[in-house]
Amino acid sequence: MPELLLEIRSEEIPARMQARAAADLKRLVSEGLTKAGLEFESAESYVTPRRLALVVQGLPLHSESKVEEKKGPKVGAPEQAIQGFMKANGLSDISEAELRDTDKGQFYFLVREVAGRATRDVIAEILRDVIFGFPWPKSMRWGEGDIRWVRPIQGLLVLFDGTEIVHDFGSSIRSGTSTLGHRFLAPEPFEVTDFADYKEKLRAAKVMLDPAERRATIAAQADEVSRAAGLTLLEDPALLDEVAGLVEWPRVLLGRIDRDFMELPPEVLTVSMRAHQKYFALNDSEGRFAANFLVVANMDGSDELHRTIVAGNERVLRARLADAQFFWDQDRKATLQSRVGALKEMVFHEKLGSLEDKVDRVTALAVEIARHIDGAETDRVRSAARLCKADLTTGMVGEFPELQGVMGRYYALKDGEHYEVASAIAEHYAPLGPKDRCPAAPVSVAVALADKIDTLVGFWAIDEKPTGSKDPYALRRAALGVIRIILENELRLPLRKTLTPPFLYSLVHANVAEQKRIKEGREFDVYKHEGKASGAFGDLSVQAIAYARMISGEQPLGKGEEKIIDDLLDFFADRLKVTLRDRGVRHDLVAAVFALGGEDDLVRLHRRVDALQAFLASEDGANLLTAHGRAANILRIEEKKDGISYRDAPDPEAFEQDDEKALHTALEQATETAEAALEAEDFAAAMAAMARLRAPVDAFFDHVTVNAEDASLRENRLKLLSGIVETLNTLADFSRIEG
């Protein structure tokens, strides 16, 4: 069957946009074809730095005719509605529509036969829509037309069934049957007839069309070159993906780093090569950072050409590393401690103060958190927190922001700080992503948690929460980081108690900032005064004074403050669902446990959810979940019908059947056993106690008529049903569990 081949050739497409662009091209064309009634066998898209390509196999030459029906207004509807229907569908008179009887009355219907169309014509229309509506993250307008594209389009190739589809988009952009190969190695145009011919001739013109092939080629060449030199490639999948988007005909070459620069930290060497030059780093045979690098050229040729390319890249890298060497030498002339004061001049957020303010808050909070962490030495926690942001004032971090924390570690060790302090400075930003390692050392854990929690409560205090897909302050990532650190270190940290002081401090600070009453010298500081509110209260608003008293314990939290903290805890609950879902835990079980309220110990909650999941996976658990749903439904129906609640305890003296008495006794025993087990955090025992309810519950439903004719007997049995619901709900809110 006929084939569609499309190529949009342009100036260089940024590597970070290529994969998404290829997917969007395939999606937009496929949706257009499907909407036009043109079914096809397959569609594949490809991308190189200079072209987007798509091949669609198995298209028909024409779309099939079809009958189209549109329902119109009801007979007797207002004239305006009838006229609107006629205008929208090109009718000169309403009599052109059919009258049909429906269960809602008589309606006008428009019935038309839509003739099939030539696929070539449909493709031309789809192509115009794609070109003018392509969803680039960033685009530009050029030339005489109104086309916006990521970079100026240089050519279009559109072939259907082996022949050209002519299309003129203005700005000298006209479709054709030819394309170009590699910019330097094969710059002459060539004609193509179909996709197989297109791909074969591109390869002959030194262009690998498939990104996966370029990636595999680079990886294989890099391994071969490094092995030949007795070196080992440092794996960097993200860089490999990026470099595959920078070249059309890759050639991996080995370069050297001047020995004078090898005293720089390996992280500095790596980021200098990776961030700016896209070079791969290597280790020597002893596992040390090698004085070599790999560069991926978009050229191939003689050995002399390769030597010229390598020499040019070595010269560029030498200049980059000379800058890094300068920053390294200059930064070490001052201690980290001497740099802390400079944080006062760096704004964290307009309403949350400077980085010095943040460091004050983080320090106090880290010390509090350290009380919950075995082995977290308070003085080291305090030192690490005070110094954790100091490297932001250094020249090295100014030039290479990716090294924040990393350079702080090196500078702290040079200053004679304890290695735990230095490690905490380096690790307090972690984890930065789902695959990033979490801090495990006690001091690092305390500072990392304090930094993230302070950020979260601060932005909640000033109502700068994530909305929809927007999260400019990476608060979702911060919450996920807190959750991972707590769970992976099994840290028994009461979140509500931990969140409240920094939250209220942020409210005070924001309140004062908004009224422009913060004076030079920082008139108000909670944490520097052992958690006691202090400052020139006469200069603060009534609201700020109230917040200060809440921090000091002189005044309970107001409803507004409680509500915001509840909202933040709900945010943690949502992020916890994401974390546990990735670990194979059902989100509804997390919601069911959270619904009980009062739970802010994430480790205990996780254990409870795990036990609940195991319980529900058993036959007894699944059966009791069904029984809970049955009992809850009966209660809901009967309570709505009677207008009263049956949530009180039943009267044991009113039971008539043995199955009622046995269920009541079993419920009392299960409740007593489960509550004791829950108190001891023996969740498996609590679930086991509930499992013993299965037999009496089954017997009750099999042999007892709940809606008895005797009103008092019916009421007592409904109360017994309520006992089933309430007893099971001591484990979790079973109504939130999906069957």
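See above for the structure.
All of these numbers come straight from a predicted model, not from anything done at the bench.

(A) Representation of the overall build of the protein chain in the model. Scanning the protein chain from N- to C-terminus turns up 26 helices and 19 strands. Against the globule reference of 27 Å for 739 residues, the protein chain gives a C-alpha radius of gyration of 35 Å, more extended than a compact globule. Across the 739 residues of the protein chain, 50% fall into the buried class. Summing over all exposed atoms, the protein chain offers an accessible surface of approximately 35600 Å²; the carbon and sulfur share of this is 48%. The positive charge centre, built from 96 side chains, and the negative charge centre, built from 123, are 4 Å apart in the protein chain.

(B) Examining the packing of aromatic side chains more closely. Within this structure, the stated rule accounts for 13 aromatic pairs. Ring geometry for Tyr-46 and Phe-195: centres 5.6 Å apart, planes at 20°, overall stacked. Here Tyr-46, found in strand β2 (residues 42-48), pairs with Phe-195, found in helix α4 (residues 195-204); they are 149 residues apart in sequence, far enough to count as distant. Neither residue differs from the other here; Tyr-46 and Phe-195 are each classed as buried. The interplanar angle of 80° and the centroid separation of 5.2 Å between the aromatic rings of Trp-136 and Trp-149 together place this pair among those described as edge-to-face. Note that Trp-136 is positioned in the loop between α3 (119-133) and β7 (140-141) and Trp-149 in strand β8 (residues 148-149), a separation of 13 residues in sequence. By the burial criterion, Trp-136 is buried, and Trp-149 matches it. An aromatic cluster of at least three residues, connected via ring pairs, comprises Tyr-46, Phe-195 and Tyr-198. In this structure, Lys-71 packs its charged tip against the face of Phe-107, placed 4.3 Å from the ring centre. Over the face of the ring belonging to Tyr-410 we find Arg-409, whose NZ or CZ atom lies 5.9 Å from the ring centre.

(C) Quick peek at the pattern of salt bridges. According to the stated counting rule, one finds 55 salt bridges in the structure shown. Here Arg-227 makes a salt bridge to Asp-223, at a shortest N to O gap of 2.9 Å. Of the two residues, Arg-227 and Asp-223 are both situated in helix α5 (residues 211-228); the distance of four residues between them amounts to about one turn of the helix. Linking Lys-278 and Glu-242 is a salt bridge whose minimum nitrogen-to-oxygen distance equals 3.0 Å.

(D) Summary view of helix α6 (residues 237-244). Taken as a whole, α6 has its buried residues at Leu-239, Leu-240, Val-243 and Ala-244. Relative to the axis of α6, the buried residues are bounded by an arc of 135° and lie together on one face. If you follow the buried residues of α6, they end up packed against α5, α7 (266-277), β16 (280-283) and β17 (289-297).

(E) Quick peek at the packing of helix α10 (residues 355-370) against helix α11 (residues 378-387). Interhelical geometry of α10 versus α11 gives an angle of 155° and a closest axis separation of 8 Å. What the angle tells us is that α10 and α11 run roughly antiparallel. Crossing angle aside, the handedness with which α10 passes α11 is right-handed. Along the contact surface, α10 presents Val-359, Asp-360, Val-362, Thr-363, Ala-366, Val-367 and Ala-370, while α11 presents Thr-378, Val-381, Arg-382, Ala-385 and Arg-386. For the contact of α10 with α11, the residue count by class is seven nonpolar, two polar and three charged.

(F) Fine view of the environment of Gly-176. Locating Gly-176 in the fold gives a position in strand β11 (residues 175-176). In this structure, Gly-176 is in contact with Leu-156, Leu-157, Val-158 and Glu-164, ignoring residues within four places of it in sequence.

(G) Region of the structure containing the sheet that holds β16. Strand order in the open sheet formed by four strands is β14-β16-β17-β15, and the pairing between neighbours is antiparallel. Strands at the two margins of the open sheet, each flanked by one partner only, are β14 (232-233) and β15 (251-256). Contacts between α7 and the sheet are confined to β16 and β17, with β17 contributing the most and set at about 10° to the helix. Seen against the sheet, helix α8 (residues 303-331) touches β15 and β17 and runs at an angle of roughly 50° to β15.

(H) Focus on the nonpolar core. One finds Met-396, Leu-456, Leu-612 and Phe-615 to be the most contacted residues of the largest nonpolar core, which totals 141 residues. Considering each element in turn, this core owes the most residues, 13 residues, to helix α15 (residues 442-461). Those residues within four positions of Met-396 in sequence are excluded, and the remaining contacts are Val-268, Ala-324, Phe-327, Trp-328, Asp-331, Leu-403, Met-407 and Tyr-411.

(I) Structural view of the state of the cysteines. A full pass over the atoms with the stated rule returns zero disulfides. Considering cysteine sulfurs only, Cys-438 is the nearest to Cys-388, which forms no disulfide, with 17 Å between them. Of the residues examined, Cys-388 reaches a relative accessible area of 0% and is grouped as buried.

What counts as what
- Residues numbered from 1 in each chain as written.
- Predicted model: local features only at pLDDT ≥ 70, side-chain atom pairs only at ≥ 80, totals over all residues.
- Heavy atoms only, no water.
- Helix = DSSP H or I, 4+ residues; strand = E, 2+ residues; numbered from the N terminus.
- Rg over C-alpha atoms; globule rule 2.2 N^0.38 Å.
- Buried < 20%, exposed > 50% of the residue type's maximum accessible area, 1.4 Å probe, protein only.
- Areas by Shrake-Rupley, 256 points an atom, 1.4 Å probe, with all protein chains shown as cover.
- Lys, Arg positive; Asp, Glu negative; His and termini not counted.
- Charge placed at Lys NZ, Arg CZ, Asp CG, Glu CD.
- Phe/Tyr/Trp six-rings, centres within 6.5 Å; stacked < 30°, edge-to-face > 60°.
- Lys NZ or Arg CZ within 6 Å of the ring centre and 35° of its normal.
- Salt bridge = Lys/Arg side-chain N within 4 Å of Asp/Glu carboxyl O.
- Arc of directions from axis to C-beta.
- Contact = heavy atoms within 4.5 Å.
- Axes fitted to C-alpha atoms, helices over the stretch in contact; angles between N-to-C directions.
- Parallel < 35°, antiparallel > 145°, perpendicular 65-115°, else oblique.
- Left-handed = near helix turned anticlockwise from the far one by under 90°.
- Nonpolar A, V, L, I, M, F, W, Y, C, P; charged D, E, K, R; others polar.
- Pairing = 2+ DSSP bridges.
- Core = buried A, V, L, I, M, F, W, Y, C linked by side-chain atoms within 4.5 Å.
- Disulfide = S-S within 2.5 Å.

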